[in-house]
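Overview (structure and organization)
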Amino acid sequence: MRRPCSQRRALDPARARALGLAAVVFAASCSRGGGGEQEAAPAGAAGRAPAPASSGVGAGQGQGRQPAAVKELSVRKLAPGAAVAIDGRLDEPAWQTAARTGPFVNVGTGREDRSLPTQGEARLLWDDAFLYVGFDVSDGTITGGFPQDARDPHLWERDTVEVMIDPDGDGDNKDYYEIQINPQNLVFDSQFDDYNAPRGGANGPFGHEAWSAGLASAVVLRGTIDDDSDEDRGYVVEAKIPWRSFAKAKAAPPSPGDAWRMNFYAMQNNGGAAWSPILGEGNFHRARRFGRVRFVGSGGETGGAGARDAGAAPAMAPSAAPPGAMSAERATPGARVPSASAGPRPDYRADPPDR
């Protein structure tokens, strides 16, 4: 009878050679858990369950496992004279050659998951004044429902895109930023001192909500917001964020070769898909799981543009707006008012919510 892994005795050299192949076959059963970190992670989109204000070691690292590699993206600077109009269309030549994340993945497993109701990808550009971000989101039911003059509404309760930014690039969860833009072109933006901190309770405030990204953004819908009578296909968000807003950064704008930590999410009803998966190490704020965004000069200084780890995404046609689509531009968020009720939530996700 084969002994358990912990009770096996050393074999003599002859038997060891004879049974070498068998030893390889049985090796997996001798390791704790028998599976990698991704297999042990939740199947759905891990989110923002309440967590202590700490950047301590996550579950995978606490068990002595090597942390999984995070994704990386090299982002090329806009060429001299190139311009990007913030209109929600992503049709300028600069966007066609911009760095792309590729399709977002399941936050818990790190794999593409077509069962999630919201899919997406992001593109990035930069110059000396702004970080430019473009999202292309697939969503069959575009939902807004917040007052149009709302400031810092809880956009994650419905449909939104989200950018997390840690300017230091060290993933220590100190001094990072959160920006969300929803299909109504409303903005939630906040700055955090530490992992989910400060936090005012279940209903917030979340971080320092007085911080403003000072961004300009535009949204184009492929469908009709808050109307289930037609078939929606998703929406596009385009934004430019001034570097001067990141007062906690050691250097802003960055220089070619600098790397910041960022993550990008396409969200619905407090969950969603991500560029860089969290893999069960916390919620959407876990900065050590944010990907590395490396800034490259317009001539390719320090490297070329394109994705690594995830693989480069194939080129897409420019996002076209169907008749009746909405496009709006904003320079700053509007007045602060209480957020709207979240309404009913589907039960597609089996893991903790984003907040």
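Residues numbered from 1 in each chain as written. Predicted model: local features only at pLDDT ≥ 70, side-chain atom pairs only at ≥ 80, totals over all residues. Heavy atoms only, no water.

**Focus: the packing of aromatic side chains**
Quick reminder of the rule: Note on aromatic contacts: the rings of Phe and Tyr and the six-membered ring of Trp form a pair at centre separations within 6.5 Å, being stacked when their planes are under 30 degrees apart, edge-to-face when over 60 apart, and tilted otherwise. Working definition: helices are DSSP H or I runs of at least four residues, strands are E runs of at least two. Numbering for both runs from the N terminus. Categorising residues by exposure relies on relative accessible area from a 1.4 Å probe, with only protein chains included: less than 20% of the type maximum marks a residue as buried, more than 50% marks it as exposed, and the intermediate range marks it as partly exposed. We count a charge as sitting over a ring when the NZ of a lysine or the CZ of an arginine lies within 6 Å of the ring centre and within 35 degrees of the ring normal.
What the rule picks out here adds up to 17 aromatic pairs. Between the aromatic rings of Trp211 and Phe246, the centroid separation amounts to 6.3 Å while the plane-to-plane angle is 35 degrees, which identifies the pairing as tilted. Separated by 35 residues along the polypeptide, Trp211 in the loop between β8 (187-192) and β9 (216-222) and Phe246 in the loop between β10 (234-242) and β11 (259-268) bring together distant segments of the chain. Overall, Trp211 belongs to the buried group, its relative accessible area being 13%. Between Trp243 and Phe295, the aromatic rings sit 5.6 Å apart at their centres with planes inclined by 80 degrees, giving edge-to-face as the arrangement. Residue Trp243 is located in the loop between β10 and β11, and its partner Phe295 is located in strand β13 (residues 291-296); the two are separated by 52 residues in the primary sequence. Just as Trp243 is buried, Phe295 falls in that class too. Among the aromatic residues, those joined into a ring-pair cluster are Trp126, Tyr177, Trp211, Trp243, Phe246, Trp260 and Phe295. For Arg158, the ring lying beneath its charged end belongs to Phe146, and the centroid distance is 5.1 Å.

**Observations regarding the environment of Gly134**
Applicable threshold: Contacts are assigned to residue pairs with any non-hydrogen atoms lying within 4.5 Å of each other.
Along the chain, Gly134 turns up in strand β5 (residues 130-139). Gly134 sits in the buried class, given a relative accessible area of 1%. Along the sequence, Gly134 and Arg100 sit 34 residues apart, while their C-alpha atoms lie 9.3 Å from each other. If we skip the residues at most four places from it in the chain, Gly134 touches Leu90, Trp95, Glu121, Ala122, Arg123, Val237 and Glu238.

**Some points on the nonpolar core**
Worth spelling out the cut-off: For this analysis, a nonpolar core means a set of buried residues of the types Ala, Val, Leu, Ile, Met, Phe, Trp, Tyr and Cys, connected via side-chain atoms within 4.5 Å.
Among the nonpolar cores identified, the biggest contains 40 residues, and Leu131, Phe135, Ile181, Phe246 and Phe264 are the most heavily contacted of them. Residues within four places of Phe264 in sequence aside, it is in contact with Thr101, Phe104, Ala122, Leu124, Val133, Phe135, Glu162, Val163, Ala273, Ala274 and Trp275. Formed by 18 residues, the second largest nonpolar core is a distinct cluster that contains Met164, Phe192, Phe206 and Ala274.

**Description of the environment of Tyr176**
Stated formally: The term polar contact refers here to a pair of N or O atoms within 3.5 Å; inside protein, the definition further demands a hydrogen-donor-capable atom paired with an acceptor-capable atom, and it admits residues adjacent in sequence only when both atoms are side-chain atoms.
Mapping Tyr176 onto the fold places it in strand β7 (residues 176-181). For Tyr176, a relative accessible area of 0% corresponds to the buried category. Separated by 86 residues in the primary sequence, Tyr176 and Met262 have C-alpha atoms spaced 9.4 Å apart. The contact partners of Tyr176, leaving out residues within four places of it in the chain, are Met164, Ile165, Asp166, Ser190, Gln191, Phe192, Asp194, Tyr195, Asn196 and His285. In this structure the side chain of Tyr176 is engaged in a polar contact, spanning 2.9 Å, whose partner is the backbone nitrogen of Asn196.

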